[in-house]
Amino acid sequence: MRFLEPQLSDCLGAAAVEPILARSTSLPLDLIRQLGFELPLAPERAPADLSVRLPPPAALRRLEGFGAADRELAELLRLLTSENQLVAKSANWLEYDIGTDGEDRPSLFARPSNKRSVAPLARALGAAAPAQTSLQRLVDALGPDERVPYVAVMRRRKHELRVLIVSQRGELSPVLEALEECGWAGDSHVVEEVFTRYAPLHRGPPAPPAAEFSVTWALGVGFGSDGGFLERTGIELRLGSAAQAEQMLTRLEGDDLAAAGTWSRLMAWPGHRIDPTAESAPEAFRAVSALTDGRAVTAVVRRIHHVKVAIDPGAALTVKAYLSAGHVLAAPS
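Attention here is on the structure that accompanies the text. (Residues numbered from 1 in each chain as written. Predicted model: local features only at pLDDT ≥ 70, side-chain atom pairs only at ≥ 80, totals over all residues. Heavy atoms only, no water.)

### Quick word on the packing of aromatic side chains
And step 1. Enumeration over the complete set of coordinates arrives at 3 aromatic pairs.
And step 2. Geometrically, the ring pair formed by Phe37 and Trp269 is edge-to-face, given 6.1 Å between the ring centres and 75° between the ring planes. Of this pair, Phe37 sits in strand E1 (residues 34-40) while Trp269 is found in the loop between helix H10 (262-266) and strand E9 (271-275), placing the two residues 232 residues apart along the sequence.
And step 3. Residue class for Phe37 comes out buried when judged on its relative accessible area of 1%.
And step 4. Note on Phe195 and Trp217: the rings are 5.1 Å apart at their centroids and 80° apart in plane angle, and the pair reads as edge-to-face. Highlighted residues: Phe195 in helix H8 (residues 188-198) and Trp217 in strand E7 (residues 217-223), separated in sequence by 22 residues.
And step 5. In this structure Trp217 comes out as buried when scored by relative accessible area, which is 3%.
And step 6. Note that Arg302 overlies the ring of Trp269, its terminal NZ or CZ placed 5.8 Å from the centroid. (Phe/Tyr/Trp six-rings, centres within 6.5 Å; stacked < 30°, edge-to-face > 60°. Helix = DSSP H or I, 4+ residues; strand = E, 2+ residues; numbered from the N terminus. Buried < 20%, exposed > 50% of the residue type's maximum accessible area, 1.4 Å probe, protein only. Lys NZ or Arg CZ within 6 Å of the ring centre and 35° of its normal.)

Below, the structure is given as structure tokens:
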């Protein structure tokens, strides 16, 4: 993904790009279908992570040798390739929390196969028993229209357990009611104010329960190893188009939640680039291009995937944008 370096440097800054690209280029091409890059919108904070959307289990099994020298990574990949009923077989993400100390341990954002598998999946990922118990209590409190699409144990952050919660009807209040029933001490009024201010663009019709991240927002909460809720709450707002991204970034700059110039820097990111040599593409894409005698070539599509507004008690709101870049097949013209 080195050919993304100019665009990434424009968005993240040249100094922040090198460790992120170094990690991404250390991974096999067949592991990389889509990459994500984190961009805090306040100028004093450095980017902190690289995300990798993992291919289906069959493709991961072909990479069995990779990760042998990295016990943690090998352990996470085995969870996805083993014959278990806990985790969905697609749309799982690996996150490297690059940080500032040179240690970028991987964490897996895994999709539970159903509601019953949420807490057992947290245990399989390494969550502490009290955290798993608290998560099960939360799952039991959620209504039929609410679900947990992602579970992660953040290995670089004292193994804190993070989950996303969504509502198929797009309603925030049932999620907050379930959290409060389980002892969440966050400020629901602040969450509602943030949601009201920034979510109107993202309200849409209900989607089928099986759809991947099918609603346009998610509420993120965490549990410590003692089972208690962590203080930070996040609202993730998915951006379905460049027009939505433009409106969101304009509002964030106007509210002083994004540094001056953020809008112009980030709106230069969405786009695509044809890669006729397929030099950076996974093997499957190169094979299709060869079979079609060049009538289908690989391209990399860049977009702004979502923004996350973080709410910490007694502190100012902070916002991050998440950029993505992924391979597709396209006509050469």
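Next comes the rest of the description.
### Description of the pattern of salt bridges
And step 1. Summed over all chains, the structure comprises 6 salt bridges.
And step 2. A salt bridge links Arg197 to Asp255; the shortest N-O distance between them is 2.9 Å. You can see Arg197 sitting in helix H8 and its partner Asp255 sitting in the loop between helix H9 (242-254) and H10, a full 58 residues away along the chain.
And step 3. On the basis of relative accessibility, which here comes to 37%, the residue Arg197 falls in the partly exposed class.
And step 4. Via salt bridges that share partners, Asp145, Arg169 and Glu171 belong to a single interconnected network. (Salt bridge = Lys/Arg side-chain N within 4 Å of Asp/Glu carboxyl O.)

In short, the description is geometric, and any link to function would need to be established separately.
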